[in-house]
Amino acid sequence: MRLKTHLSAAVLAGIMLCACAAGQVSERAEQELFSAVNRARRMQGLPALRWDESLAVSARRHAALMAAHGSAQHAFAGEPGLSARAKQTGARFTYLSENVTQGPTAEFIHGQFMGSPNHRANILDRDMDSIGVGVIERAGQLFAVEDFSQAR
(Lines give C-alpha, C1' and ligand atoms only; values in the text may rest on other atoms or scores of the structure.)
Protein backbone atom coordinates (compact mmCIF):
# COMPACT_ATOMS: atom_id res chain seq x y z
CA MET A 1 0.00 0.00 0.00
CA ARG A 2 2.79 2.39 0.86
CA LEU A 3 4.50 1.81 -2.49
CA LYS A 4 1.22 2.56 -4.26
CA THR A 5 0.87 5.86 -2.36
CA HIS A 6 4.42 6.92 -3.22
CA LEU A 7 3.94 5.88 -6.83
CA SER A 8 0.69 7.86 -7.08
CA ALA A 9 2.35 10.90 -5.55
CA ALA A 10 5.25 10.59 -8.00
CA VAL A 11 2.87 10.31 -10.97
CA LEU A 12 0.88 13.33 -9.74
CA ALA A 13 4.07 15.34 -9.27
CA GLY A 14 5.16 14.44 -12.80
CA ILE A 15 1.82 15.54 -14.24
CA MET A 16 1.98 18.82 -12.32
CA LEU A 17 5.54 19.42 -13.54
CA CYS A 18 4.49 18.83 -17.15
CA ALA A 19 1.47 21.14 -16.79
CA CYS A 20 3.69 23.81 -15.22
CA ALA A 21 6.25 23.48 -18.02
CA ALA A 22 3.48 23.75 -20.65
CA GLY A 23 2.18 26.84 -18.84
CA GLN A 24 5.63 28.41 -18.97
CA VAL A 25 5.87 27.69 -22.71
CA SER A 26 2.45 29.30 -23.23
CA GLU A 27 3.25 32.37 -21.12
CA ARG A 28 6.57 32.85 -22.90
CA ALA A 29 4.88 32.51 -26.31
CA GLU A 30 2.22 35.05 -25.30
CA GLN A 31 4.88 37.58 -24.35
CA GLU A 32 6.88 36.87 -27.53
CA LEU A 33 3.80 37.48 -29.69
CA PHE A 34 2.91 40.65 -27.76
CA SER A 35 6.45 41.97 -28.27
CA ALA A 36 6.49 40.97 -31.95
CA VAL A 37 3.20 42.78 -32.61
CA ASN A 38 4.52 45.96 -31.01
CA ARG A 39 7.83 45.73 -32.91
CA ALA A 40 5.89 45.41 -36.17
CA ARG A 41 3.76 48.43 -35.23
CA ARG A 42 6.79 50.55 -34.29
CA MET A 43 8.44 49.68 -37.61
CA GLN A 44 5.39 51.22 -39.33
CA GLY A 45 5.43 54.32 -37.11
CA LEU A 46 2.40 53.17 -35.09
CA PRO A 47 2.06 53.35 -31.32
CA ALA A 48 2.50 50.21 -29.27
CA LEU A 49 -0.60 48.37 -28.10
CA ARG A 50 -1.16 48.07 -24.36
CA TRP A 51 -1.80 44.69 -22.74
CA ASP A 52 -5.44 44.08 -21.77
CA GLU A 53 -5.79 41.20 -19.32
CA SER A 54 -9.53 40.83 -20.00
CA LEU A 55 -8.79 40.30 -23.69
CA ALA A 56 -5.99 37.90 -22.77
CA VAL A 57 -8.37 35.80 -20.66
CA SER A 58 -10.81 35.69 -23.55
CA ALA A 59 -8.00 34.79 -25.98
CA ARG A 60 -6.71 32.02 -23.67
CA ARG A 61 -10.18 30.50 -23.35
CA HIS A 62 -10.57 30.41 -27.12
CA ALA A 63 -7.03 29.07 -27.60
CA ALA A 64 -7.85 26.25 -25.14
CA LEU A 65 -10.93 25.39 -27.19
CA MET A 66 -8.85 25.41 -30.38
CA ALA A 67 -6.31 23.09 -28.73
CA ALA A 68 -9.08 20.75 -27.56
CA HIS A 69 -10.43 20.59 -31.14
CA GLY A 70 -6.94 20.43 -32.66
CA SER A 71 -7.96 23.17 -35.07
CA ALA A 72 -7.47 26.94 -35.38
CA GLN A 73 -10.85 28.58 -36.04
CA HIS A 74 -12.51 31.84 -35.06
CA ALA A 75 -15.57 30.07 -33.63
CA PHE A 76 -16.79 26.58 -32.80
CA ALA A 77 -20.35 25.29 -32.70
CA GLY A 78 -22.06 26.45 -29.53
CA GLU A 79 -19.32 28.95 -28.65
CA PRO A 80 -20.23 32.64 -28.30
CA GLY A 81 -18.80 35.00 -30.92
CA LEU A 82 -15.76 37.20 -30.38
CA SER A 83 -17.71 40.16 -29.01
CA ALA A 84 -19.65 38.05 -26.50
CA ARG A 85 -16.49 36.20 -25.42
CA ALA A 86 -14.68 39.49 -24.79
CA LYS A 87 -17.63 40.95 -22.86
CA GLN A 88 -17.81 37.79 -20.69
CA THR A 89 -14.27 38.47 -19.45
CA GLY A 90 -14.94 42.14 -18.73
CA ALA A 91 -13.32 43.72 -21.78
CA ARG A 92 -14.65 47.18 -22.66
CA PHE A 93 -14.27 48.10 -26.30
CA THR A 94 -15.57 49.99 -29.30
CA TYR A 95 -14.00 47.75 -31.96
CA LEU A 96 -12.60 44.22 -31.93
CA SER A 97 -10.62 42.00 -34.28
CA GLU A 98 -8.93 38.64 -33.90
CA ASN A 99 -6.07 36.59 -35.29
CA VAL A 100 -6.00 32.80 -34.79
CA THR A 101 -3.57 30.11 -35.94
CA GLN A 102 -1.42 27.25 -34.77
CA GLY A 103 2.25 26.50 -35.22
CA PRO A 104 5.40 25.16 -33.57
CA THR A 105 6.80 28.45 -32.22
CA ALA A 106 5.75 32.03 -31.51
CA GLU A 107 8.20 33.24 -34.18
CA PHE A 108 6.59 30.96 -36.78
CA ILE A 109 3.10 32.11 -35.76
CA HIS A 110 4.02 35.79 -36.00
CA GLY A 111 5.50 35.14 -39.44
CA GLN A 112 2.25 33.52 -40.53
CA PHE A 113 0.25 36.50 -39.28
CA MET A 114 2.50 39.04 -40.98
CA GLY A 115 2.41 37.04 -44.22
CA SER A 116 -1.39 37.12 -44.34
CA PRO A 117 -2.91 40.42 -45.53
CA ASN A 118 -5.94 40.20 -43.20
CA HIS A 119 -3.93 39.21 -40.11
CA ARG A 120 -1.28 41.82 -40.87
CA ALA A 121 -4.02 44.45 -41.20
CA ASN A 122 -5.27 43.55 -37.71
CA ILE A 123 -1.77 43.90 -36.25
CA LEU A 124 -1.19 47.25 -37.99
CA ASP A 125 -4.68 48.68 -37.49
CA ARG A 126 -4.11 52.26 -36.30
CA ASP A 127 -7.55 52.33 -34.65
CA MET A 128 -6.62 49.60 -32.17
CA ASP A 129 -4.93 50.44 -28.88
CA SER A 130 -5.10 47.20 -26.85
CA ILE A 131 -4.29 43.53 -27.22
CA GLY A 132 -4.70 40.30 -25.32
CA VAL A 133 -2.83 37.19 -26.43
CA GLY A 134 -3.66 33.62 -25.49
CA VAL A 135 -1.50 30.60 -26.29
CA ILE A 136 -2.13 26.99 -25.35
CA GLU A 137 0.42 24.25 -26.06
CA ARG A 138 -0.83 20.81 -27.04
CA ALA A 139 1.28 17.96 -28.40
CA GLY A 140 4.08 20.28 -29.53
CA GLN A 141 1.75 22.74 -31.26
CA LEU A 142 0.97 26.24 -30.04
CA PHE A 143 -2.63 27.37 -30.55
CA ALA A 144 -2.55 31.16 -30.60
CA VAL A 145 -5.20 33.87 -30.41
CA GLU A 146 -4.54 37.61 -30.62
CA ASP A 147 -7.55 39.75 -29.69
CA PHE A 148 -7.25 43.44 -30.59
CA SER A 149 -9.51 46.25 -29.43
CA GLN A 150 -10.11 49.93 -29.38
CA ALA A 151 -10.84 50.24 -25.68
CA ARG A 152 -13.63 52.37 -24.24
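Figured I'd write up the structure that's included with this text. (Residues numbered from 1 in each chain as written. Predicted model: local features only at pLDDT ≥ 70, side-chain atom pairs only at ≥ 80, totals over all residues. Heavy atoms only, no water.)

## Some points on the overall build of the protein chain
Working step 1: Along the protein chain, the regular secondary structure elements total five helices and four strands.
Working step 2: Along its sequence from the N terminus, the protein chain presents helices and strands in the succession α-β-α-α-β-α-α-β-β.
Working step 3: Taking all 152 residues of the protein chain together, 39% fall into the buried category.
Working step 4: Considering only intrachain contacts with a sequence separation of at least 6, the fraction spanning at least 24 residues in the protein chain is 67%.
Working step 5: As displayed, the protein chain has an accessible area near 8400 Å², and 57% of this comes from carbon and sulfur atoms. (Helix = DSSP H or I, 4+ residues; strand = E, 2+ residues; numbered from the N terminus. Buried < 20%, exposed > 50% of the residue type's maximum accessible area, 1.4 Å probe, protein only. Contact = heavy atoms within 4.5 Å. Areas by Shrake-Rupley, 256 points an atom, 1.4 Å probe, with all protein chains shown as cover.)

## Focus: the nonpolar core
One recurring pattern in soluble globular proteins is that nonpolar side chains are buried together.
Working step 1: Membership of the largest hydrophobic core comes to 20 residues, with the highest contact counts inside it found for Leu33, Ile123, Ile131, Val135 and Phe148.
Working step 2: Where this core is concerned, the elements lending two or more residues are α1 (2-43), α4 (106-115), β3 (130-138) and β4 (141-151).
Working step 3: Here this core gets five residues from one element, more than from any other, and that element is α1.
Working step 4: When near neighbours in sequence (up to four residues on either side) are disregarded, leucine 33 contacts Ala106, Ile109, His110, Val133, Val135, Ala144 and Glu146.
Working step 5: In terms of nonpolar packing, the next biggest core, distinct from the first, is built from eight residues, Ala59, Ala63, Ala67 and Val100 among them. (Core = buried A, V, L, I, M, F, W, Y, C linked by side-chain atoms within 4.5 Å.)

## Some points on the sheet that holds strand β1 (residues 50-51)
Working step 1: Ordered in space as β1-β3-β4-β2, the four strands form an open sheet in which the pairing is mixed. In this open sheet, the two edge strands, each paired with only one partner strand, are β1 and β2 (93-103).
Working step 2: Where β3 lies against β4, nine bridges are found, and the strand directions are antiparallel. Within the sheet, the bridge partner assigned to isoleucine 136 lies in β4 and is phenylalanine 143.
Working step 3: Contacting β1, β2, β3 and β4, helix α2 (residues 53-69) runs over the sheet at an angle of about 30° to β3.
Working step 4: Where α4 meets the sheet, it contacts β2 and β4, and its direction lies at approximately 120° from that of β2. (Pairing = 2+ DSSP bridges. Axes fitted to C-alpha atoms, helices over the stretch in contact; angles between N-to-C directions.)

## What to know about the packing of aromatic side chains
Working step 1: One pass over the full model with this rule turns up one aromatic pair.
Working step 2: Between phenylalanine 34 and tryptophan 51, the ring centres sit 5.2 Å apart and the planes meet at 85°, which makes this aromatic pair edge-to-face. Of the two residues, phenylalanine 34 is situated in helix α1 and tryptophan 51 in strand β1; the sequence distance between them amounts to 17 residues.
Working step 3: On the basis of relative accessibility, which here comes to 16%, the residue phenylalanine 34 falls in the buried class. (Phe/Tyr/Trp six-rings, centres within 6.5 Å; stacked < 30°, edge-to-face > 60°.)

## Some remarks on the pattern of salt bridges
Oppositely charged side chains may form a pair once their charged atoms are brought near each other.
Working step 1: The final tally for this structure, using the stated rule, is five salt bridges.
Working step 2: With a shortest N-O distance of 2.8 Å, glutamate 53 and arginine 60 are connected by a salt bridge.
Working step 3: Taking the relative accessible area as the measure of exposure, glutamate 53 reaches 42% and is therefore partly exposed.
Working step 4: For arginine 60, a relative accessible area of 25% gives the class partly exposed.
Working step 5: Note that glutamate 98 and arginine 85 form a salt bridge whose closest N and O atoms lie 2.6 Å from each other. Note that glutamate 98 is positioned in strand β2 and arginine 85 in helix α3 (residues 82-88), a separation of 13 residues in sequence. Across this residue pair, the class does not change: glutamate 98 and arginine 85 are buried.
Working step 6: Residues joined by salt bridges that share partners form a network here, namely Glu30, Glu53 and Arg60. (Salt bridge = Lys/Arg side-chain N within 4 Å of Asp/Glu carboxyl O.)

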